[in-house]
Amino acid sequence: MKVYDAASIRNIAVVGHGGCGKTQLVSTMLFVAGAVNRLGKVDDGTTVTDFDDEEIARKHTLASSLAHAEWQKAKVNIIDTPGFANFLADARAALRVCEGALVVVDAVAGVEVQTEKFWAEAAALQLPRLVVVSRLERDRASLERTLDALHRDCGREIVPIQLPIGHERAFHGVVDLVRMRALTFATDDSGRMTEGDIPAEMADAATVAREQLLEMVAETDEQLMEAFFAEGTLTQEQLVAGLHQATKNAKLFPLVCTSGLHAIGLQPLLDAIVDFIPSPAERDFPALDTDGREITVTAVDTAPYSALVWKTIADPFAGRITMLRVVTGTLKSDTTVTNLTTESSERLGHLLALQGKAQTHVSELKAGDLGAVAKLKDTHTNDALADKATKVRFVPMTFPEPVLAYAIEPKSRGDEDKISTAMQRLREEDPSISYARDPQTHELLLSGQGQLHIEVTVAKLKRRFGVEVNLKPPRIPYRETISVPTEAHGRHKKQTGGHGQFGDCKIKVEPLPRGSDFQFVDDIFGGSIPRQFVPAVEKGIQEARVRGYLAGYPMVDFKATVFDGSYHAVDSNELSFKMAGVLAFKDAMTRARPTILEPIMQVEVYTPSDFAGDLMGDLNSRRGRIAGMDTRGAMTVIRAQVPMAEMLTYEQHLTSATGGRGSYHMEYSHYEEVPHQFQAKIIAAARAERGQEVAEEV
Ligand SMILES: Nc1nc2c(ncn2[C@@H]2O[C@H](COP(=O)(O)OP(=O)(O)OP(=O)(O)O)[C@@H](O)[C@H]2O)c(=O)[nH]1
Ligand SMILES: [Mg+2]
């Protein structure tokens, strides 16, 4: 395959709310550009970018994937991303490695929760964006309404560079406002395009819209503004160059009109990508210098090489596939490179261009390009493969904390080892899941971003690794803490045969602010406890506090200070002081008024306004605090803080209460004390589940 240099590459992340048509759009784009010779459909499970079995089965993108097409001699790298909130991390990673985003907005639903989220994420990166209005041939589709919503919720800088020809089912083409031509498409979904004059009945509307476009472009640049005032218009060159510049600087966001399913408007979309989105040569890449300061680096392919690993795929057959953004220099197949993050060297086999799961060998990947390599030994997401001479590091991508945990158990005994190997692989691919053993119950806990996320992970375990597990009901990660300071005493004394055990300590425990976890302070003077035994006291308190006191949840947000004690010259040893620490902790808990903390979620509900009143009532009954409410046209956004324990069944409730028209987004916010009337229930449930162990502790 051909090698492209930075100036002839465009990197595009396709983002938008779940189900707005991203994957179909990418599939049709690849087809009309001739990158694939069959038009894949989401509904048939034949698209290029939804190739995973789970994606095909669920008809939703679950992980970012990479494809590419050549258009106007440029290589357009396209990353299709998931729109579901559970899989946001993958879309975020894609935004980090591209010079531009296609923000896809459904012409019927308009702006939705995730549309706004992605818009804000892209804005934070000052990323150039094209807005793609999708599914315009459907009933009740409206560019006008969608544009109003976009202006209101995302910004006035969104400017149409096209008008749709024909409404709803009759939508069959676009007026190109830059070139003032009409582009119409065959009705057989072949994507065949015919160029012609603007239909007479649209001439006035097109003139008005072009006038607006000229004005908005002129306003982004002083020189253009002067030219516009002097001439009353801009030349074609000024318009195209000005629009490119304004898009590159994220001052304007051109909007185009499409139907992915019926192959309408894809060629002009590809043109807009190549014409208006900057190439990697035009936009420097954010990096860190050796002191951790933020810098930017230019995509020069003769410089020493550096590449960022932005995603990893764990395929049990093909092995690990590492997705790379080459930032500087040139990566060559069959060479050895340095992983600066792990300070090890890696042998690159064939570098790959990816078309979904299909791989093509490439001899090299130059600065600015996106590609992949298979079977690296010890390279993970966020690592930098870079020549030692570059000294660059990259700002690490962050992954959200899990918001939900399920206990899992293998269906067949003896599969536990298999689960942990498979989970390790899956975590490489998706760092937003986590997997651990509950220290009290010894159950395996699988945590993730939501129910769907967990289900998909369990399905992957089965399909890819042949391990079947049962999911038990979700768990709330409660914590415990203390309410008041107190002093306590722990003495461990035993006479067994000849040799005795003796440890004795006095401690003080004090509450700390939320989020402080645990601190230990050694305040022993005068050797009342010999120095070498103080760590043993700490270890005892540590172990006891992790096992909790009331309901077996870890005790956090407190400080324990050991300030006195005594010892025995012969009988004292580490174990005895550790036991003394445990006893002192338990003694302290009898007076420190332990209490239970629960995770509180930040929730945003997006609903047709008719349902807003009922939904607020429902959130109240879930112990939610309503923080605010906004009206967005016919929609209402409700913001609230709600205990996680009350949100486990929310998805089903919202769907049935709004007939599927409401959606919501939720993130972990902080911990708060559980109201006392609810604590007894949590303690009882924990005892029932964990049995003896908790009872013994108390
Ligand atoms: N009528 C119509 N349906 C479309 C169009 N584009 C996509 N669809 C349908 O809309 C549904 C969702 O399309 P996708 O392309 O999977 O949407 P997505 O944005 O990739 O969804 P996620 O991956 O879940 O975020 C599928 O059933 C598509 O067939 C379109 O242009 N017109
Ligand atoms: Mg998709």
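Each residue is numbered by its place in its chain's sequence as written, counting from 1. Chains carry letters and ligands carry numbers; both start at the beginning, A for chains and 1 for ligands, and go up in the order they are written. In view of the model being predicted, local features appear only for residues whose pLDDT reaches at least 70, and side-chain atom pairs are presented and counted only at 80 or more, with totals across whole chains, interfaces and linings using the full set of residues. By convention in this description, side-chain values take in all heavy atoms of the structure and omit both hydrogens and water.

Student: Can you tell me about the overall build of the chain, naming the residues and giving the values?
Tutor: Tallying secondary structure elements over the chain gives 17 helices and 36 strands in all. Throughout this description, buried means an accessible area under 20% of the type-specific maximum (1.4 Å probe, protein chains only), exposed means over 50%, and partly exposed covers the range between. A burial count over the chain gives 55% of its 698 residues as buried. The contact definition used throughout considers only heavy atoms, calling two residues in contact when any of these lie within 4.5 Å. Partitioning the intrachain contacts of the chain with sequence separation of at least 6 by distance along the chain shows that 72% fall at a separation of at least 24. For the area figures, the Shrake-Rupley method with a 1.4 Å probe applies, and any residue is considered shielded solely by the protein chains shown. Surface summary for the chain: the accessible area is close to 29,400 Å², and the carbon and sulfur share equals 50%. His is not counted, nor are the chain ends, whereas Lys and Arg count as positive and Asp and Glu as negative. In plain terms, the charge of a residue is placed at NZ if it is Lys, CZ if Arg, CG if Asp and CD if Glu. Taking the average place of the 77 positive charges on the side chains of the chain and the average place of its 96 negative ones, the gap between the two points comes to 6 Å. Secondary structure follows DSSP: runs of H or I at least 4 residues long count as helices, runs of E at least 2 residues long count as strands, and numbering of each begins at the N terminus.

Student: Quick rundown of the coordination of the magnesium ion (ligand 2)? Include the residues and the values.
Tutor: Looking at the magnesium ion (ligand 2), one finds its protein donor set to be Thr23 (OG1) and Thr61 (OG1), positioned 2.0 Å from the metal centre. Taken together, the residues threonine 23 in helix 1 (residues 22–32) and threonine 61 in the loop between helix 2 (53–58) and strand 2 (65–71) connect sequence positions 38 residues apart. Threonine 61 gets classed as buried once you look at its relative accessible area, which sits at 8%. Counted as donors are the N, O and S atoms within 2.8 Å of the metal, or 3.2 Å for Na, K and Ca, while water is not among the atoms, so some sites may look incomplete.

Student: I'd like to hear about helix 7 (residues 222–231), residue by residue, with values.
Tutor: What helix 7 keeps buried is the set Leu224, Ala227 and Phe228. The buried residues of helix 7 occupy one face: seen down the axis, they fall within an arc of 100°. Looking at helix 7, the residues exposed on the side facing more than 90 degrees away from the buried face are Glu222, Gln223, Glu226, Phe229 and Ala230. On its buried face, helix 7 is in contact with helix 6 (203–218) and helix 8 (236–248). Here a polar contact is taken to be a pair of N or O atoms separated by no more than 3.5 Å, where protein atoms must pair a possible hydrogen donor with a possible acceptor and residues adjacent in sequence count only if both atoms sit in side chains. Regarding helix 7, its N-cap is aspartate 221, as a side-chain oxygen of that residue lies 2.9 Å from the backbone nitrogen of glutamine 223 further along. The positive-phi residue at the C-terminal boundary of helix 7 is glycine 232, with phi of around 80°. The arc refers to the directions leading from the helix axis to the C-beta atoms.

Student: I'd like a description of the pattern of salt bridges, backed by residues and values.
Tutor: One side-chain nitrogen of Lys or Arg within 4 Å of one carboxyl oxygen of Asp or Glu is enough to make a salt bridge. Under the defined criterion, the tally for this structure stands at 41 salt bridges. Among the ionic pairs, lysine 366 bridges to aspartate 301, the shortest N-O distance being 3.9 Å. Of this pair, lysine 366 sits in strand 21 (residues 364–366) while aspartate 301 sits in the loop between strand 13 (294–297) and strand 14 (306–315); the two residues are 65 residues apart in sequence, bridging distant segments of the chain. Relative accessible area serves as the criterion here: at 24%, aspartate 301 is assigned to the partly exposed category. Each of Asp176, Arg179, Arg181, Glu195 and Asp197 takes part in one network of salt bridges that share partners.

Student: Describe the confidence of the model for the chain, with residues and values.
Tutor: What pLDDT expresses is the predictor's confidence in each residue, scored from 0 to 100. In the predicted model, the chain carries a mean pLDDT of 92, and the fraction of residues at 70 or more is 98%. Per-residue pLDDT stays below 50 along residues 694–698; that stretch engages in 12 contacts with residues further than four places along the chain or on separate chains.

Student: Pulling in residues and values, what's your account of the site of ligand 1?
Tutor: Around ligand 1 lies a shell of 18 residues, among which Lys22, Asp43, His60, Arg135 and Glu137 are the nearest. A distance of 3.0 Å separates an oxygen atom of ligand 1 from a polar atom in the backbone of glycine 83. Relative to its free-state accessible area of 650 Å², ligand 1 is covered by the protein chains to the extent of 90%. Amino acid classes used here: Ala, Val, Leu, Ile, Met, Phe, Trp, Tyr, Cys and Pro are nonpolar; Asp, Glu, Lys and Arg are charged; the rest, including Gly, are polar. Of the residues assigned to the shell around ligand 1, the class counts are three nonpolar, 10 polar and five charged. Being near a molecule or strand, for a residue, comes down to having at least one heavy atom within 4 Å of it.

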